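One-letter residues, chain by chain:
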Amino acid sequence: MTLSALERARYQRHLSLQEIGVAGQEKLKAARVLIVGAGGLGSPAALYLAAAGCGTLGLVDFDRVDVSNLQRQVLFDSGALGHSKAEAGRARLAALNPEIRVVAHALELKAANVRAVLADYDLVVDGSDRLSTRYLVNDACVLLGRPLVSAAIHRFEGQIMTYVPRRGPCYRCLFPQASDGVVANCAEAGVLGVLPGVLGTLEATEAIKLITGIGTPLLGRLLTYDALELRFHEFRVARRRDCAVCGDAPTITEPHDPPAAAAREMLDGVRRLTPHSLQALLEPRSAAPPLIDVRERWEYDTGHLPGALNIPMSELAQRIAEIPRAGGAVFVCRSGGRSMRACTIALGAGVASPANLEGGLLAWAAEIDPTLPVA
Ligand SMILES: [Zn+2]
């Protein structure tokens, strides 16, 4: 892939680097990188890879831009509120660099589609905030032989590692036990806004190094970052011969969704409600099921559904008796993660047929009532 005169001008500072030069820039132009999650990590990674002239960039995200994202997701501005992250991100990257091709994948990566999505890309950058997606992407990359740069953030800390199949350990070698369901997300745990900026930029750095073949990638080295102490640490990690996906006798030979606990519990009696199906249940009000809002008090006070009882997750165990055993209590939170765990706890405590509002109050506000303030 040769560079046009315009591209030579745009990437002049890269061409001046002996290590990159025209040959490296042409590799970048030919590269096809998939970014999983257009959030805090995916934003800076996508912006820098687009600016660097990465020829094809794919953005996977099924979410929409929420005002609380803007504290750290620098791919979006206030004008993108309510828009698809994949689409809004594509528009922003196309404006930044019209020389590249950006593909929006407004979907949730699942076992059923991960092969098809990854097939068009040479390298994957994972910035997903879901543990289940992290394992799915890792397994798919190992099975399809795709290099993967993976980072994660929590409050003031982050970590990053690069996985190249057959050249080092994979994510599962590091964390063999996949805990199922939804990990605490930024809405619950909080995150320093600039933190994903550091980790996402490191992800872009690793991607550029892998594509151009320069430097030493983070293979078998887990790099951690502590923003409060401003310290980086490095941990050596070896490939596990008994790894379920990249080991000597792998038991995972196809990407799979982590059904285990989460899905089994759903089959066992947790109902999943869309905003529209919940709206139908709430009419008439006299026959509506108990509605339990498991967010923190301040979130509840910002705005809640009429008649919702506030029992924060931290108080759920002690206050479980306040929830009627019958009547199919409906649990809600901001985005559906905490309320799903609340359903599981309630089910275990004898509450029959609890229901979860999928997508939480953010989905409700998007589909039913845009005037509902969601903290
Ligand atoms: Zn492994």
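What you are looking at is a predicted structure, and each value in this text was computed from that prediction instead of being measured.

Cut-offs used in this document
Residues numbered from 1 in each chain as written. Predicted model: local features only at pLDDT ≥ 70, side-chain atom pairs only at ≥ 80, totals over all residues. Heavy atoms only, no water. Helix = DSSP H or I, 4+ residues; strand = E, 2+ residues; numbered from the N terminus. 1 Å grid on protein atoms, 1.4 Å probe; cavity = no way out; pocket = protein on both sides within 12 Å on 5 of 7 lines; lining within 4 Å. Points joined across faces, edges and corners; volume = space filled by probe spheres on them. Nonpolar A, V, L, I, M, F, W, Y, C, P; charged D, E, K, R; others polar. Buried < 20%, exposed > 50% of the residue type's maximum accessible area, 1.4 Å probe, protein only. Pairing = 2+ DSSP bridges. Donors = N, O, S within 2.8 Å, 3.2 Å for Na, K, Ca; no water. Tetrahedral: all angles 85-135°; square planar, octahedral: opposite > 155°, others 65-115°.

1. Brief notes about unusual backbone geometry
Line of reasoning, step 1. The residue Arg-155 is not glycine, and still its phi comes out positive at about 55°.
Line of reasoning, step 2. Among the secondary structure elements, Arg-155 is positioned in the loop between strand 5 (148-154) and strand 6 (157-163).
Line of reasoning, step 3. Even without glycine at this site, Ser-353 takes up a positive phi of about 50°.
Line of reasoning, step 4. Along the chain, the position of Ser-353 falls in the loop between helix 15 (337-348) and strand 13 (355-357).

2. Notes on the layout of surface pockets
Rolled over the atoms, a probe sized like a water molecule indicates the empty space that remains.
Line of reasoning, step 1. The volume enclosed by the second largest pocket comes to roughly 160 Å³.
Line of reasoning, step 2. Residue lining of the second largest pocket: Gln-279, Leu-282, Glu-283, Arg-285, His-304, Leu-305, Pro-306, Trp-364, Asp-369 and Leu-372, and that is the complete set.
Line of reasoning, step 3. Of the residues belonging to the lining of the second largest pocket, the class tally is 5 nonpolar, 2 polar and 3 charged.

3. Topic: the pairing of strand 2 (residues 56-60)
Line of reasoning, step 1. Burial analysis of strand 2 places 5 of its 5 residues in the buried class, the great majority of the element.
Line of reasoning, step 2. Side-chain alternation along strand 2 places Thr-56, Gly-58 and Val-60 on one buried face and Leu-57 and Leu-59 on a second face that is also buried.
Line of reasoning, step 3. With 5 bridges joining them, strand 1 (residues 32-36) and strand 2 adopt parallel strand pairing. Bridge pairing in strand 2 places Val-33 opposite Leu-57.

4. Here we look at the coordination of the zinc ion
Line of reasoning, step 1. On the protein side, the zinc ion has Cys-170 (SG), Cys-173 (SG), Cys-243 (SG) and Cys-246 (SG) as donor atoms, found 2.3 Å from it.
Line of reasoning, step 2. One can describe the site at the zinc ion as tetrahedral: its 4 donor atoms subtend angles covering 93 to 121° at the metal.
Line of reasoning, step 3. Here the donor residues for the zinc ion map to a single chain with the spacing C-x2-C-x69-C-x2-C.
Line of reasoning, step 4. Classification of Cys-246 by relative accessible area gives buried; the value is 15%.

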